[in-house]
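Single-letter residue listing:
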Amino acid sequence: MLSLEDSPLARDGKILILAYDHGLEHGPSDFTEHPERMAPETVFDVATHDAVTSVAVQKGLAEGYYPSYEDDVSLLTKLNGTSNLWMGEPDSAVNCTVDYAADIGADAVGFTLYGGSNSEIEMAEEFRDAQEAAREHDIPMVMWSYPRGQGLRNASDADTIAYAAREALELGADVAKVKSPGSREAMEHTVQAAGGENGAKVVMSGGSKVSDEAFLKNVKAVMDAGGAGLAVGRNIWQRENPTQLLDALEAVIHEGRSVDAALS
Amino acid sequence: MLSLEDSPLARDGKILILAYDHGLEHGPSDFTEHPERMAPETVFDVATHDAVTSVAVQKGLAEGYYPSYEDDVSLLTKLNGTSNLWMGEPDSAVNCTVDYAADIGADAVGFTLYGGSNSEIEMAEEFRDAQEAAREHDIPMVMWSYPRGQGLRNASDADTIAYAAREALELGADVAKVKSPGSREAMEHTVQAAGGENGAKVVMSGGSKVSDEAFLKNVKAVMDAGGAGLAVGRNIWQRENPTQLLDALEAVIHEGRSVDAALS
Amino acid sequence: MLSLEDSPLARDGKILILAYDHGLEHGPSDFTEHPERMAPETVFDVATHDAVTSVAVQKGLAEGYYPSYEDDVSLLTKLNGTSNLWMGEPDSAVNCTVDYAADIGADAVGFTLYGGSNSEIEMAEEFRDAQEAAREHDIPMVMWSYPRGQGLRNASDADTIAYAAREALELGADVAKVKSPGSREAMEHTVQAAGGENGAKVVMSGGSKVSDEAFLKNVKAVMDAGGAGLAVGRNIWQRENPTQLLDALEAVIHEGRSVDAALS
Amino acid sequence: MLSLEDSPLARDGKILILAYDHGLEHGPSDFTEHPERMAPETVFDVATHDAVTSVAVQKGLAEGYYPSYEDDVSLLTKLNGTSNLWMGEPDSAVNCTVDYAADIGADAVGFTLYGGSNSEIEMAEEFRDAQEAAREHDIPMVMWSYPRGQGLRNASDADTIAYAAREALELGADVAKVKSPGSREAMEHTVQAAGGENGAKVVMSGGSKVSDEAFLKNVKAVMDAGGAGLAVGRNIWQRENPTQLLDALEAVIHEGRSVDAALS
Amino acid sequence: MLSLEDSPLARDGKILILAYDHGLEHGPSDFTEHPERMAPETVFDVATHDAVTSVAVQKGLAEGYYPSYEDDVSLLTKLNGTSNLWMGEPDSAVNCTVDYAADIGADAVGFTLYGGSNSEIEMAEEFRDAQEAAREHDIPMVMWSYPRGQGLRNASDADTIAYAAREALELGADVAKVKSPGSREAMEHTVQAAGGENGAKVVMSGGSKVSDEAFLKNVKAVMDAGGAGLAVGRNIWQRENPTQLLDALEAVIHEGRSVDAALS
């Protein structure tokens, strides 16, 4: 496994990925409240904040906008993804090869796996190809490990999330991006399932927009549980003032401070 | 993303694609009123009009007829397409590789994606291969982004069309060819969804034949909304006198004139 | 598109293909009346008649029998085909690659496309590979363009046959082999749909055995309509005396004579 | 087509294949009566009898046991095959590539085609790859041509067996291994369907165990009908004393003697 | 077939594989009783016991943890595997190529085949690719031969297990990992089905946790029946004190001692 210490994906082993692939996954409706955020430049600008270690986008945004920001933030190219017009079993088209991602300057790559979907096996084999190619390029691989589909009773269940983290470890991801399992204890279990210190690093995905305090407490719990950080999208760029929350995330994730200290 | 300024697909950043792939997609019945237009030469002749920046055809027409016109118009080879005898979920056979398109002189390539179809994921992966190969050849990629199939409530809905434009941007198309969403405001939203100035250029597809004035007003709205131009087929070559309308399109698209001025 | 003038598939631009792939497509029952014709030598002997420009066979017959006839007739290797034991949607296995066909001396290759079948898209993509490989070898490509399957109301309908010819043109075939649409007018429409003089050449397929006069009149109509010739199988080798009819076809196809003249 | 005269698969153009792939196709239950025959050595020993020209086994047996017998019998590596635990439409996994078969010393290769199965087209395309690779290695190809599945009314029907032989010829097999059609006349028809002297050689498959005389009469009929020989499995190695029957087969197949002479 | 005598997978021809792929196949719930065993280091530590000849893990664990143990135990990289969130027909994603396994230091590779599953044919063909690649790298191939799915009446039936062992032999595995058929006689039959001394070596899989004595008696029966050893997972690392049982396995498997002697 790659050392994240030496990777542009992390800073001192801590990770804050700003995810901006909602244009593909959810479509323009995600930008209804802040229509200016539909313009990639506005979100790449947000990503230049010191707290952010990486911006995660699909190939098209990487090609069109990243060149102007390459000195300010590292690039995580998402390799698969699908519009929500798709009505089949959970699945995700591989929109970018690792070779091409490397060509356009990706510092890391990301891949979604829907464990429990009827597409799980096909996706795992596509992941294999991507993971082995990423190793050849010495690029870290982040798995969006999201159980979903016919095999799932409850995708937000703490056991399912721990299983998702383990699947990322077993299949060779460097980082497992998982949903929040809800409590610090559950997050500790998830971090252990991912193999602990020598295993896959765990980052919590931000989910839908909540209050600052609720959000930061959740992030703090992740860090205290041994998680490596956060991947956040709508909780940042759907806010009026993303900088404020990013300052607080800088304090909690990178400086190890309390939520109260971060908020003041 | 390729700069369209330097591409033969556009002239000063404005695009007028004359589409002539109806022989495959609709069959000879599209030529019932003007049977002479079934002969490719008659339409390639039309394409020599100054207003036209590119002619879009399937491989067979490119091979057989384009060599005589290569000094007069640039060639956009459509890579996929299917007869309407096909009764399955919306899908499109990949009839031409990018390497072959380059061999036969394509200045640009085109690819249909039916977002929301049961074939969306497979088509997106075929698009990936084509897009990355097109980058290697430095050939611009135009996506016919047409949501269609089981995932669609309303394919002509403005939100769906904006999503289609965004999908083209996210997947790495240089140009998004979309249906008209009906109003200038909706087209502006679509152009923004495609990433604006630094994103994918948006061209409206012409659709079925309407009156000159109605058609030109629609085109004017596209240009005013920041669109790059038009892809037109039947509205041109199903007309008695295509030259007249092309003169008007020259005025509206390339010279930025009003519909009234263009019509007089 | 390749020039047929320089191709061994045609003689002065006229084509008479003797098709002998019935052993695979229909099985031994096609030889019930003339069992000796099951022996490939007997039909290759027929193919040495001057009127015949090409003999169309599957790979196995090409390998086993053509070497003795290579000075007398050109070889059209059929690339796909399936036994009639197959009960699925119309489809055709690709039994021979173009590279291999070239290795065993093919002067031309043939490929069946069942437009409207549930297999149409897959077949069109297999055709693409074959067509592009054939171009590399400078070997002409003949499409057996036979709409068939769930998308078809009436496969013998003149509009369907014209569409089949157009599909061959659009996908890059040099020759479209289609069913007879029944009248000279319909055949003219079909020839125009295939792109006319600079497009795909049209050859009528012979179909089941009919009387000499009926058959020749049909062929004459094809030639008068601008067709390039005929592909004939059972109408020749299921006859007692194939030479007689071949003499007549020589007159009608290659010498442009009337049916009456040809029959006397 | 390869000349069998020069091939280790045959001796003076006559073939006796000892088939021993029942361990995969039927499982250990085929060895219930003679459990020692489950040990490959016992059957390879039988294969050293002069009458046997080739032993047909799956890759694993070829790798593990053939090296000790390579001076005594030629090796026919079966390329596909499936356990009878499989409950889907008749199909057969490709367990060995031709390149690998050549690496481990195969003198010939074998391939099953289930004409009429829903898998027929896929199998035919796998056969194509194997056949063309075999040609490159100058290794003869034997087709186990066994119509089976939803397309079949009666797989033992003489017409079906003749069709199976023809399919082997058309697709480029050197030898067609078919079921016995029951009479000498039917076998003659089958041999003719396979193309006669210059076509695919026909070998009858031995089927279930029957009496010596019945079996030899059937074999004699095959030879008299122009067949090339026999592929036999259970009728040999399920016998108490295989040598006795092999002596008789030597007489009938290789020396052209009568059944009575062979039995005495 | 590779000689196991010279392979790091075995010691003097005896095999004890410590299997630790349960994190992927069963998820964190397998570690509920001994949560510290979820940490790969704790199990790799166990694997350094002299009795263990190989540790079997998925790619991710091999990458992350094996480097610290490479002097103490050989590495068997499992090539396929799937989470139990998967609800389709028994199947297993190929998560690692043989080339990559070799890159990360695998001394042997493992592959699951579910005979009788609707995925059997696809899995067998994936096995073929892996087996032939393993031969190129001179790495032994262990087949997890586990009949399962719609074709199975009873997967624990002695005949089915013998068939599973035979299938491993026929397809070219060096070692067949099978369930225990229950008696020494049945295990002898299984060892013979796998080809005996020159065939595939048979190792029994450990199954769920049972008492020490019951477990060792079963292992002893395997050794007495000519088996090569054991692949064990939960019966070791779900125990309070794995060393004790490993000492006993050392005695039974490697020193050929009785169960009583081993237990005292």
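Residues numbered from 1 in each chain as written. Chains lettered and ligands numbered in written order. Predicted model: local features only at pLDDT ≥ 70, side-chain atom pairs only at ≥ 80, totals over all residues. Heavy atoms only, no water.

Q: Let's hear about the overall build of chain A: which residues, and what values?
A: Across its full length, chain A holds 11 helices and 10 strands. Computed over the C-alpha atoms, the radius of gyration of chain A is 17 Å, within 12% of the 18 Å expected from 2.2 N^0.38 for a compact globule of 264 residues. Its C-alpha atoms put chain A at 45 × 40 × 35 Å along the principal axes. Put simply, chain A has 264 residues, and 65% of those count as buried. For chain A, contacts bridging at least 24 residues in sequence account for 72% of all contacts bridging at least 6. (Helix = DSSP H or I, 4+ residues; strand = E, 2+ residues; numbered from the N terminus. Rg over C-alpha atoms; globule rule 2.2 N^0.38 Å. Buried < 20%, exposed > 50% of the residue type's maximum accessible area, 1.4 Å probe, protein only. Contact = heavy atoms within 4.5 Å.)

Q: Pulling in residues and values, what's your account of the side chain of Thr160(E)?
A: Along the chain, the position of Thr160(E) falls in helix 6 (residues 158-171). Setting aside residues up to four positions removed in sequence, Thr160(E) forms contacts with Pro147(E), Leu152(E), Asn154(E) and Ala155(E).

Q: Outline the relation of the copies chain E and chain A, supporting the account with residue identities and numerical values.
A: Turning chain E through 72° and shifting it by 0.0 Å along the axis lays it on chain A, with an RMSD of 0.0 Å. On this basis, the relationship between the two copies can be described by a five-fold rotation axis. Relative to the rotation axis, the C-alpha of Glu122(E) is the closest in chain E, positioned 11 Å from it. (Least-squares fit on C-alpha atoms with pLDDT ≥ 70 in both.)

Q: Go over helix 7 (residues 184-193) of chain D with me, naming the residues and quoting the values.
A: Residue and element names in this part refer to chain D. Among the residues of helix 7, Ala186, Met187, Thr190, Val191 and Ala193 are the ones counted as buried. On an axial view of helix 7, the arc spanned by its buried residues comes to 160°, and they lie on one face. Along its buried surface, helix 7 packs onto helix 6 (158-171), strand 8 (175-178), strand 9 (201-205) and helix 8 (212-224). Just downstream of helix 7, glycine 195 is the residue with a positive phi angle, here 105°. (Arc of directions from axis to C-beta.)

Q: I'd like a description of the sheet that holds strand 2 (residues 54-57) of chain C, backed by residues and values.
A: Residues and elements named next belong to chain C. A barrel is described by the order of its strands in space; here eight strands give the closed sequence 1-2-3-6-7-8-9-10, paired in parallel fashion. Between one strand axis and the next, the sheet turns by 25° as a mean value, whatever way the strands run. In the sheet, strand 7 (residues 141-145) pairs with strand 8 (residues 175-178) via three bridges, with the strands oriented parallel. Across the sheet, tryptophan 144 pairs through a bridge with lysine 177, a residue of strand 8. Docked against the sheet, helix 8 (residues 212-224) engages strand 9 (201-205) and strand 10 (229-232), running at close to 140° with respect to strand 10. (Pairing = 2+ DSSP bridges. Axes fitted to C-alpha atoms, helices over the stretch in contact; angles between N-to-C directions.)

Q: Outline the interface of chain E and chain A, supporting the account with residue identities and numerical values.
A: Each side of the interface is counted separately: chain E has 35 residues, and chain A has 31 residues. Interface area for chain E against chain A, summed over the two sides, is near 2700 Å², with a carbon-plus-sulfur share of 57%. Three residues, Met38(E), Leu85(E) and Trp86(E), lead the burial of chain E against chain A; their summed loss comes to 23% of the area buried on that side. Where chain E meets chain A, there are two salt bridges. Note that Arg135(A) is salt-bridged to Glu63(E), the shortest N-O span being 2.8 Å. In this assembly, chain E and chain A are joined by 19 residue pairs in polar contact (both at pLDDT 80 or more). Looking at the side of chain E that touches chain A, the elements that each hand over two or more residues are helix 1 (22-25), helix 2 (40-47), helix 3 (59-65) and strand 5 (93-94) of chain E. (Buried area = accessible area lost by both parts, 1.4 Å probe. Salt bridge = Lys/Arg side-chain N within 4 Å of Asp/Glu carboxyl O. Polar contact = N/O pair within 3.5 Å; in protein donor to acceptor, adjacent residues only side chain to side chain.)

Q: So what about the packing of helix 8 of chain C against helix 10 (residues 242-254) of chain C? Which residues, and what values?
A: Residues and elements named next belong to chain C. Close contact between helix 8 and helix 10 brings their axes to 10 Å; oriented N to C, the two are set at 25°. Considered as vectors, helix 8 and helix 10 are oriented roughly parallel to each other. The chirality of how helix 8 crosses helix 10 is right-handed. Contacts between helix 8 and helix 10 pair Asp212, Phe215, Leu216, Val219, Lys220 and Met223 from the former with Leu245, Ala248, Leu249, Val252 and Ile253 from the latter. The residue inventory of the contact of helix 8 with helix 10, partitioned by class, reads nine nonpolar, no polar and two charged. (Parallel < 35°, antiparallel > 145°, perpendicular 65-115°, else oblique. Left-handed = near helix turned anticlockwise from the far one by under 90°. Nonpolar A, V, L, I, M, F, W, Y, C, P; charged D, E, K, R; others polar.)

Q: Describe the pairing of strand 8 of chain D, listing the residues and the values that go with them.
A: Along strand 8 of chain D, one buried face is formed by Val175(D) and Lys177(D) and the opposite face, lined by Ala176(D) and Val178(D), is buried too. Taken together, strand 7 (residues 141-145) of chain D, helix 6 of chain D and strand 8 of chain D constitute a β-α-β crossover, and its handedness is right-handed. (Right-handed = clockwise from strand over helix to strand, strands pointing away.)

Q: If you had to explain the packing of aromatic side chains to someone new, which residues and values would you point to?
A: Residue and element names in this part refer to chain A. Within the structure shown, the criterion is met by 30 aromatic pairs over all chains. Considering the side-chain rings of phenylalanine 111 and phenylalanine 127, the 5.7 Å spacing of their centres and the 75° angle between planes classify their relative orientation as edge-to-face. With a gap of 16 residues between them, phenylalanine 111 in strand 6 (residues 108-113) and phenylalanine 127 in helix 5 (residues 120-137) connect regions that are remote in the sequence. Overall, the relative accessible area of 0% leaves phenylalanine 111 in the buried class. We classify phenylalanine 127 as buried; its relative accessible area is 1%. (Phe/Tyr/Trp six-rings, centres within 6.5 Å; stacked < 30°, edge-to-face > 60°.)

Q: Account for the sheet that holds strand 6 (residues 108-113) of chain E, with residues named and values stated.
A: All names here are of chain E. The strand order 1-2-3-6-7-8-9-10 describes a closed barrel built from eight strands, whose pairing is parallel. Sheet twist, expressed as the average angle between the axes of neighbouring strands with direction ignored, equals 25°. Inspection of the sheet shows strand 9 (residues 201-205) paired to strand 10 (residues 229-232) by three bridges, in the parallel sense. Residue pairing for strand 10: serine 205 is matched across the bridge by alanine 231. Its contacts with the sheet place helix 8 (residues 212-224) against strand 9 and strand 10, and it is angled at close to 140° to strand 10.

Q: I'd love a proper account of the arrangement of the chains, names of residues and values included.
A: A gap remains between chain B and chain D, which never touch, and the nearest two C-alpha atoms on either side lie 19 Å apart. Separated throughout, chain B and chain E approach each other most closely at a C-alpha pair spaced 19 Å apart.

Q: Any chance you could break down the UniProt feature "active site" (unreviewed entry) in chain A for me, citing the residues and the numbers?
A: Residue and element names in this part refer to chain A. Per the UniProt record, "active site" (unreviewed entry) is annotated on Tyr146 and Lys177. Spatially, the listed residues are clustered: although they cover 32 residues, their C-alpha atoms lie within 8.2 Å of one another. In this fold, tyrosine 146 is placed in the loop between strand 7 (141-145) and helix 6 (158-171). By relative accessible area, which is 12% here, tyrosine 146 ends up buried. In this structure, tyrosine 146 is in contact with Leu113, Tyr114, Gly115, Lys177, Val178, Lys179 and Ser205, ignoring residues within four places of it in sequence. For lysine 177, the position within the fold is in strand 8 (residues 175-178). Not counting the four nearest positions on each side in its chain, lysine 177 is found in contact with Val142, Met143, Trp144, Ser145, Tyr146, Val203, Ser205 and Ala231. (UniProt positions renumbered as here; feature names shortened; annotations may be inferred.)

Q: How would you summarise the environment of Asn95(C) if you had to cite specific residues and measurements?
A: The topology assignment puts Asn95(C) in the loop between strand 5 (93-94) and helix 4 (98-103). C-alpha of Asn95(C) to C-alpha of Asn80(C): the two residues are 15 residues apart in sequence and 5.2 Å apart in space. Non-local contacts of Asn95(C), meaning those with residues more than four positions away in its chain, are made with Leu24(C), Gln58(C), Lys59(C), Leu79(C), Asn80(C), Gly81(C), Ala124(D), Arg128(D), Glu132(D) and Leu171(D).

Q: Explain the pattern of salt bridges to me, using residue names and the numbers behind them.
A: One pass over the full model with this rule turns up 65 salt bridges over all chains. One salt bridge connects Arg11(E) with Glu250(E), and the closest N-O pair in it is separated by 2.8 Å. In this pair, Arg11(E) is assigned in the segment before strand 1 (15-19) and Glu250(E) in helix 10 (residues 242-254), connecting sequence segments 239 residues apart. Judged by relative accessible area, which is 32%, Arg11(E) ranks as partly exposed. Each of Glu63(A), Arg135(B) and Asp174(B) takes part in one network of salt bridges that share partners.

Q: How would you sum up the pairing of strand 10 of chain C? Please name residues and give values.
A: Successive residues of a regular strand alternate their side chains across the two faces of the sheet. All names here are of chain C. Here four bridges tie strand 1 (residues 15-19) to strand 10, and the two strands are oriented parallel to one another. Bridging across to strand 10, leucine 16 finds its partner in leucine 230. You can see the chain leave strand 9, run along helix 8 and come back into strand 10, and the turn it takes is right-handed.

Q: Lay out the interface of chain E and chain D with the relevant residues and their values.
A: With 31 residues of chain E at the contact, the number on the chain D side is 35 residues. Summing both sides of the interface, chain E and chain D together bury roughly 2700 Å²; the carbon and sulfur share of this comes to 57%. Of all residues in chain E, Ile121(E), Tyr163(E) and Glu170(E) bury the most surface against chain D, accounting for 27% of the area lost on that side. Joining chain E to chain D, the criterion identifies 19 residue pairs in polar contact (both at pLDDT 80 or more). For the side of chain E that touches chain D, the elements supplying multiple residues, two or more each, are helix 5 (120-137), helix 6 and helix 7 (184-193) of chain E. Here the side of chain E that touches chain D takes eight residues from helix 5 of chain E, the largest share from any one element.

Q: Describe unusual backbone geometry, and please don't skip the residues or the numbers.
A: Positive phi, normally seen in glycine, also occurs at Asp138(A), with a value near 55°. Positionally, Asp138(A) belongs in the loop between helix 5 and strand 7. The exposure class assigned to Asp138(A) is exposed, which follows from its relative accessible area of 57%. The backbone phi angle of Asp12(C) is positive, close to 50°, even though this residue is not glycine. Following the sequence through the fold, Asp12(C) ends up in the segment before strand 1. On the basis of relative accessibility, which here comes to 68%, the residue Asp12(C) falls in the exposed class.

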